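Remarks on the overall topology
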Amino acid sequence: MTPQTRMLVNTRGDAAVAVPNFRCDILAWNSLFRKLFAGHLDFAAPDGERPNFITLNFLDENVRALYADWPLEARQNVSCLRYLAGAAGATRDWAS
C-alpha cells in the first residue's frame, strides 16, 4: 500500500474507510470502519492479519447480523467471488 493511501485511511476520521485487495482481504481500515463493521475484532491487528470481507460475511455471526437481507448479501458475495476468480484466472495469488 502506498504511503498516500495509508495517509488517506488515517486522516479520514469522518468517514468509514477500508482498503481491500483483489481477494477482499482488508489491507487497512480506520477506527470508524472497525467500529461500524467489526467492533468485536482487534483494530491493532498488524497488516496481513486483518480479516477478509467475504470470510467475515459468511463466517462471522456479528457481521452477518448487520445485513437486513442476508440472503441477498450472500448472493452478491458469491457473485463478487465468481467475478474475481474469473478476472484473476488461475494465478498463485488467487489460489493462496
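Before any of the text, the structure's been laid out above.
Conventions used here
- Residues numbered from 1 in each chain as written.
- Predicted model: local features only at pLDDT ≥ 70, side-chain atom pairs only at ≥ 80, totals over all residues.
- Heavy atoms only, no water.
- Core = buried A, V, L, I, M, F, W, Y, C linked by side-chain atoms within 4.5 Å.
- Buried < 20%, exposed > 50% of the residue type's maximum accessible area, 1.4 Å probe, protein only.
- Helix = DSSP H or I, 4+ residues; strand = E, 2+ residues; numbered from the N terminus.
- Contact = heavy atoms within 4.5 Å.
- Phe/Tyr/Trp six-rings, centres within 6.5 Å; stacked < 30°, edge-to-face > 60°.
- Pairing = 2+ DSSP bridges.

Notes on the nonpolar core
Core analysis: the biggest nonpolar cluster contains eleven residues, these being C24, I26, W29, F33, F37, A38, F53, I54, L56, V63 and L84. Going through the elements one at a time, β2 (26–29), α2 (31–37) and α3 (53–59) are the ones with two or more residues in this core. Among the elements that line this core, the one with the most residues is α3, at three residues. Apart from the residues within four sequence positions on either side, V63 is in contact with F37, H40, L56 and N57.

Notes on the packing of aromatic side chains
Inspection of every chain in the model, using the stated rule, returns six aromatic pairs. Ring geometry for F58 and W70: centres 5.4 Å apart, planes at 75°, overall edge-to-face. Of this pair, F58 sits in helix α3 while W70 sits in helix α5 (residues 70–88), placing them twelve residues apart in sequence. By relative accessible area, which is 15% here, W70 ends up buried. One aromatic cluster in this structure is built from W29, F33, F37 and F53.

Notes on the pairing of β2
Sheet topology note: the strand β1 (residues 18–20)/β2 ladder contains three bridges and is antiparallel. Its bridge partner lying in β2, P20 is registered against I26. Connecting β1 to the antiparallel partner β2 that follows it, the hairpin turn spans five residues, and C24 within it adopts a positive phi of roughly 75°.

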